[in-house]
Amino acid sequence: MTSAVSATAAARVDPRTRTQIVAAVLLGLFLAALDQTVVGTALPRIVTDLHGNDIYTWAFTAYILTATISGPIYGKLSDLFGRRPVLLFAVSVFLLGSLLSGLSQEMWQFVAFRAVQGLGAGALFPVALAVIGDMFDASERGKYQGLVGAVFGLSSVIGPAIGGVITDTVGWHWVFFVNLPLGAIVFAVIWRALPTFRPVGARPKIDYLGASVLAGALVPFLVGLTNKQSGSWSDPAVGGLIVLGLAIGAIFVWVESRTSEPIVPLGLFRNRSFTISVIAMFAASMAFFAPVAFLPRWFQVVEGSSATQSGYQILALLGGLIVSAMASGQIVARTGRYKLLALGAGILLGTGLFLLTNLRADTPLPVLWAWMFVTGLGVGPMFSIFTLVVQGAVAPQQIGTATSSLTLFQQLGGSVGLAIAGTVFGSRLVEELPKELSSSVPPQVAAGFAGSGNAAIGQLTGVGDLGQAILAAAPVAARAQLEPFIPAIVGAIHRAFSIATASTFTFGIVAAAVVILVVAFLREAPAPAAIKDETLAA
C-alpha cells in the first residue's frame, strides 16, 4: 500500500520538478551505462601503466558482476524503503568508485574499485527506471521510457569514442574523474527534488538469504561466461562455473519460493506480460551486443580506423536506435498500443542482422552504415516497450522489483550473447583463415600460418600495421622472401576476419526470431485512456 500511495503522490509533483528529476535520472543512467563501455578504449593504456595485463578482463567483469548482482536487491529495497534513499546511496557509491578508480596505482586496486563502481551502478539501472514509473501514469510513461532507451543505446555506442578521446588527450584517469561533477549534479537534484516516502505499517523484511544465494549463483555464472573468451565450453573454469551457477540458481528458486519478501518474487512469472517481456528482453540483448562489440573491432582491424574513429563509425547504429526508441515511446504514449510495434521491431532487428551477415572486407561503407541503421531501428523500441509492459502489468508496490528483474535478464542476455558470439568468431576465423591464405599465397607460405595456432592467429588480427607486424615476427632470413606476399597475406586475413565477424550476427537472427515468437503471445493491455475510463466508471 505504501508504494501505491507513493506512486500517486509522486505523480502530483509539479511539472518543472518532475522534469528536473527525469533529467537527473537520465544523466545517472547515462553515466552508469557509459562506464560499461568507455573503459574499453582506455584499458590498453591503463593495463600498460598499472602492469596488469594478466587480469585485464576483470576490469569489465568486476563492474558487471557487482552491478548485475546488486540490481535485483536494490530494486526490492526501493520497493520496501522508497526510491530516494536507495538512489542517493547508489550515486554516492558510484562516485566513490569513480574517484578511487581514477586514483588507482596498481591493477588489483583498479579492479577492486571498478567493483565498487558497479555496486553503485546496480541501483542506477532499475531504480531510476522505477522512478519514472512512479512519477508518470501509464499514458505518459512511454515517451520518457523512449528517452531511457535512447540513453542506453547512446552510452553503448559512443562509449568507446569518448574513452579514446579522453585517454588520448588528458589521460585515462579522467575517464573516471569526469563522473564526479556530473554525478554530483545527479545527487543534488535527487536530494532536493525527489519526494521522500517512508514506509508505514509493519517493518519490512529483507531477504538476506535470497540475496546471498542470488550472488552465489550469478558470480560463477558470469565469471564462467567471461572466461569463455580464452577457453572452451568444456573447461572447468568455463563450463564448470556456468553449471555451478545454474545449480545454485536452482537453489535460489527454491529459497525464493519459501520466503515472505523475496528478492525476485516467483509470482511475477505467473504474469504472462512480465514473463514474455523478460524473455524478449533477454533475447534482444543477446542479439544487440554482438554488433556493438564486434563492429568497432572490424573497423579497427579491416578499415584501419583508430579506436576513436571506430566509435564514430557506428554512429549509424546509434542513429537508428535513438530515432526508433524516441518514436516508439511517443507512439505508445499517444495510442497505448505496443504489440505491433514490438513485433515490427523484432522483424527489423532480424532483418538488420541478416544484412550484416553479408559483411565482407570490400563491403562499401555506405552500404554497411545502412545495414547498421536498420539494425538500430529494430533495437531502439526494445529498451522502452518492455519496460512499459512490465511496469503496467504489476502492482505499484512491485514496480521496482519487476523493473530490476527485467534489467537483470537484459544484462544476462548481453553476457550470454557476447560469450556465444566470441565462440562463433574464434571458430570461424580458425576455419576461414587457412582457406583464404591458400587461395592467395604459395602453399609453403600458407602452411606457415596454418600451423601457427590460435594464439598466433589472434596476434594476426590485432590493430595497427598488420603487414609490418607479420614481417617483424618472421625470422630475419625469411623476411626478404616473405615481403612480396605481404599484401596478399593481409588481404586474406582481412577477408577471413570479415567472414568471422559476419558469422557472429547469425545467432542474433535466431534471438530476434525468439523475440517475434514470444511477442506474438503477448496480450496487449487496454490503452491508457481506456484504463482511466474503466477506473472512473468503477
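See the structure above.
Quick summary incoming for the structure in this document. This one's a predicted model, so the numbers in the text were calculated from it and none came from an experiment.

**A look at the overall build of the chain**
Looking only at helices and strands, the chain has 25 helices and 0 strands in total. The long-range share in the chain, meaning contacts at least 24 apart out of those at least 6 apart in sequence, stands at 83%. Of the accessible surface of the chain, which amounts to about 21900 Å², a share of 67% is contributed by carbon and sulfur atoms.

**Regarding the packing of aromatic side chains**
With the rule as written, the count across this model stands at 11 aromatic pairs. Arranged with centres 6.4 Å apart and planes meeting at 85°, the rings of Trp172 and Phe176 form a pair that is edge-to-face. With relative accessibility at 3%, the residue Trp172 sits in the buried group. A centroid spacing of 5.2 Å and a plane angle of 75° characterise the contact between Phe425 and Phe497, whose relative ring orientation is edge-to-face. A residue pair is termed long-range when its members are at least 10 positions apart, and Phe425 in helix H18 (residues 399-438) and Phe497 in helix H23 (residues 486-503) qualify at 72 residues. By way of ring pairs, the aromatic residues Phe110, Trp172 and Phe176 are connected into one cluster. Of note, Arg84 hangs over the ring of Trp191, and the distance from its end group to the ring centre comes to 5.0 Å.

**Examining helix H13 (residues 272-301)**
Between its first and last C-alpha atoms H13 spans 45 Å; for 30 residues at 1.5 Å apiece the expected length is 44 Å, and the two agree. Of all the 30 residues making up H13, 23 are buried; the element is thus mostly covered by neighbouring parts of the structure. Two or three places before Ser273, at the start of H13, stands the capping residue Asn271, its side-chain oxygen 3.0 Å from that residue's backbone nitrogen.

**Here we look at the packing of H13 against H18**
Where H13 contacts H18, the axes come no closer than 7 Å and their chain directions differ by 40°. Of the possible angle classes, the one that applies to H13 and H18 is oblique. Judged by the twist between their axes, the crossing of H13 over H18 is right-handed. Grouping the constituent residues of the contact of H13 with H18 by class yields 18 nonpolar, 8 polar and 1 charged.

**Things to note about helix H16 (residues 339-356)**
For H16, with 18 residues, the first-to-last C-alpha span of 26 Å sits near the 26 Å given by 1.5 Å per residue. The complete set of buried residues in H16 reads Ala342, Leu343, Ala345, Gly346, Leu349, Gly350, Gly352, Leu353 and Leu356. Where H16 is buried, its residues touch H13, helix H17 (365-393), H23 and helix H24 (506-519).

**Looking at the packing of H16 against H17**
The N-to-C vectors of H16 and H17 enclose an angle of 150°; their axes lie 8 Å apart at closest approach. By the angle between their axes, H16 is roughly antiparallel relative to H17. As for how H16 packs across H17, the hand of that crossing is left-handed. Listed contacts from H17 to Leu341, Ala342, Ala345, Gly346, Leu348, Leu349, Gly352, Leu353, Leu355 and Leu356 of H16 are Leu368, Trp371, Met372, Val374, Thr375, Leu377, Gly378, Val379, Pro381, Met382, Ile385 and Phe386. Among the residues forming the contact of H16 with H17, the class breakdown is 18 nonpolar, 4 polar and no charged.

**Quick word on the pattern of salt bridges**
Pairs can form between side chains of opposite charge whenever their charged atoms are close. A full pass over the atoms with the stated rule returns 5 salt bridges. Across the pair Lys435 and Glu432 runs a salt bridge, and its minimum N-O distance is 4.0 Å. Remark: Glu432 and Lys435 occur in helix H18; sequence separation between them is 3 residues, near one turn of the helix. Under the relative-accessibility criterion, Lys435 is labelled partly exposed at 44%.

**Focus on the environment of Phe505**
Position of Phe505 relative to the elements: it lies in the loop between H23 and H24. For Phe505, a relative accessible area of 0% corresponds to the buried category. With 80 residues separating them along the chain, Phe505 and Phe425 place their C-alpha atoms 9.6 Å apart. With residues up to four places along the chain from it excluded, the contact list for Phe505 reads Ala290, Pro291, Leu295, Leu353, Leu356 and Thr357.

**Description of a nonpolar patch on the surface**
Nonpolar side chains collect at one region of the surface, where Phe81, Ile206 and Tyr208 lie side by side and expose about 300 Å² of accessible area between them. On the secondary structure map, Ile206 appears in the loop between helix H10 (179-193) and helix H11 (208-227). Classification of Ile206 as partly exposed rests on a relative accessible area of 33%.

Quick notes on the rules
- Residues numbered from 1 in each chain as written.
- Predicted model: local features only at pLDDT ≥ 70, side-chain atom pairs only at ≥ 80, totals over all residues.
- Heavy atoms only, no water.
- Helix = DSSP H or I, 4+ residues; strand = E, 2+ residues; numbered from the N terminus.
- Contact = heavy atoms within 4.5 Å.
- Areas by Shrake-Rupley, 256 points an atom, 1.4 Å probe, with all protein chains shown as cover.
- Phe/Tyr/Trp six-rings, centres within 6.5 Å; stacked < 30°, edge-to-face > 60°.
- Buried < 20%, exposed > 50% of the residue type's maximum accessible area, 1.4 Å probe, protein only.
- Lys NZ or Arg CZ within 6 Å of the ring centre and 35° of its normal.
- Expected span 1.5 Å × (residues − 1).
- Polar contact = N/O pair within 3.5 Å; in protein donor to acceptor, adjacent residues only side chain to side chain.
- Axes fitted to C-alpha atoms, helices over the stretch in contact; angles between N-to-C directions.
- Parallel < 35°, antiparallel > 145°, perpendicular 65-115°, else oblique.
- Left-handed = near helix turned anticlockwise from the far one by under 90°.
- Nonpolar A, V, L, I, M, F, W, Y, C, P; charged D, E, K, R; others polar.
- Salt bridge = Lys/Arg side-chain N within 4 Å of Asp/Glu carboxyl O.
- Patch = residues over 30% accessible without salt bridge, like charges linked within 9 Å, V, L, I, M, F, W, Y side chains within 5 Å.

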